[in-house]
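Structural overview for review
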Amino acid sequence: MSRILIIDDEKSIRNTLREILQYEKYEIDDAEDGPDGLKLLESNRYNAILCDIKMPKMDGIEVLEKILLMTDTPVIMISGHGTIDTAVEAIKKGAFDFISKPLDLNRLLITIRNALEKSNLVDETKTLKRKIHGVLDMIGESEEMLRVKDLIAKVAPTDARVLINGENGTGKELVARWLHALSHRAEHPFIEVNCAAIPSELIESSLFGHEKGSFTSAIKQRKGDFELATGGTLFLDEIGDMSLSAQAKVLRALQENKITRVGGEKEIPVDVRVIAATNKNIREEIENKTFREDLYHRLSVILIDVPPLSKRLDDIPLLTNQFIADICEHQGKAKLEVTEGAIDVLKKIKWTGNIRELRNVIERLVILCDGRITGEDVNKYSMPLY
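Below: a short report on this structure. Note that the coordinates shown come from a computational prediction; the quantities given were computed from them, not determined experimentally.

**Focus on the pairing of strand β6 (residues 162–165)**
The side-chain alternation of β6 yields two buried faces, one formed by V162 and I164 and the other by L163 and N165. Bridge count for β6 against strand β13 (residues 273–278) is four bridges, and the pairing is parallel. Note that in β13 the partner of I164 across the bridge is A277. Bridge count between β6 and strand β14 (residues 302–305): four bridges; the pairing is parallel. Bridge pairing in β14 places I164 opposite I304.

**Looking at the side chain of T73**
Topologically, T73 is positioned in the loop between α3 (60–70) and β4 (75–79). Classification of T73 as buried rests on a relative accessible area of 6%. A polar contact of 3.0 Å, which involves the side chain of T73, links it to the backbone oxygen of Y46. Excluding residues that lie within four positions of it along the chain, T73 makes contacts with Y46, N47, A48 and I49.

**Some points on empty space enclosed by the protein**
Under the criterion given, the structure shown has two cavities of 30 Å³ or more. Forming the walls of the largest cavity are R161, F226, A253, L254, N257, V270, V272 and V274. Residue classes in the lining of the largest cavity are distributed as six nonpolar, one polar and one charged. Residues of the lining of the second largest cavity, tallied by class, amount to two nonpolar, two polar and three charged.

**A word on helix α6 (residues 143–155)**
Spanning 13 residues, α6 covers 18 Å between terminal C-alpha atoms, matching the ideal 18 Å at 1.5 Å per step. What α6 keeps buried is the set M145, V148, I152 and V155. Viewed end-on, α6 has its buried residues packed into an arc of 100°, placing them on one side of the element. Facing away from the buried side of α6 by over 90 degrees, the exposed positions are E143 and K154. For α6, the secondary structure elements touched by its buried residues are β6, α7 (172–181), β13 and β14.

**A word on the pairing of strand β1 (residues 3–7)**
Two faces belong to every sheet, and in a regular strand the side chains alternate between them. Where burial is concerned, most of β1 is hidden: four out of the five residues are buried. Two strands pair when backbone bridges link them, and β1 and strand β2 (residues 27–31) are joined in this way by five bridges, in the parallel orientation. When the sheet's bridge partners are listed, I7 is paired in β2 with A31. Across four bridges, the pairing between β1 and strand β3 (residues 48–52) is parallel. Directly across from I6, in β3, lies its bridge partner L50.

Thresholds, definitions, all that
Residues numbered from 1 in each chain as written. Predicted model: local features only at pLDDT ≥ 70, side-chain atom pairs only at ≥ 80, totals over all residues. Heavy atoms only, no water. Buried < 20%, exposed > 50% of the residue type's maximum accessible area, 1.4 Å probe, protein only. Helix = DSSP H or I, 4+ residues; strand = E, 2+ residues; numbered from the N terminus. Pairing = 2+ DSSP bridges. Polar contact = N/O pair within 3.5 Å; in protein donor to acceptor, adjacent residues only side chain to side chain. Contact = heavy atoms within 4.5 Å. 1 Å grid on protein atoms, 1.4 Å probe; cavity = no way out; pocket = protein on both sides within 12 Å on 5 of 7 lines; lining within 4 Å. Points joined across faces, edges and corners; volume = space filled by probe spheres on them. Nonpolar A, V, L, I, M, F, W, Y, C, P; charged D, E, K, R; others polar. Expected span 1.5 Å × (residues − 1). Arc of directions from axis to C-beta.

Given below as structure tokens:
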């Protein structure tokens, strides 16, 4: 069932629209002014929005601008004081359409139907893009996440090296993938290297490749990740765990844009954008002599700090709804309703595992709950099952 938000200061208009649209089998929420409407939008997903222009507290055009920063849901502007100039301004600002009061019922229903078709097309396009590029949506409208998104938008089109800091499970890899997806290198490879997962004696071979016979198990020549990522992006995850000898070679590669395979003598030019990430305090690692300060300065042209979930609790409703939708779709299960009580309990949990832990808990709730997820369910299933 499509869900529609009505924002209008006239109660009679809200009630009339609610009756008409509920008769047409739409689910309706309403708000009497802009701030209340934006608050509903923070915690709910809508397929279309109807918004009056002349309202107290916040003008409808200002509400429209704020909505478009939060979502790509189509917005239909309505007004009893409509002029051609007002309609043109609303469309220029990004409104889907403009309808004058008194509302023509047939035009209203046709416009809503068209807006819902657009909303469905946008959702399908996003899904296809995620499947094609393997990049998930970056969910969150908190001040901290808007800052991260703004940095990504500014930095992605450049070739500047980026160092991403953040706790485990905060989404550092997702930030790196978006930096690549929005860059001019997007059609070229994105190669990820988990520096903590590769033994120190093999990290150099992994990064720079090796020649046949360069060591016992080198039965054939192998290209390294720097070569494989040529033209694209090399993502060095958990770089704080890289050995000092490998750090020295990475530094040389960044300085000269050339690498030499293990056991080889030939210098190979590489054209790679390097993005690194760590959950460690690199400044402390430098003081402890476990990380090279010169490499730090080479990598940290741009620093992006990804906030832990504890600093973006307002994003939990959006994250929860998206995770429920994704998991239910994957499992072929009808989408579950999540109650406000459940959201309140989720906000009180200490998420030491951040987004990754939240997603695991939501998947557990989707599997174990029927129809709806309540606060009692969250209390019951948020901890490991014994």
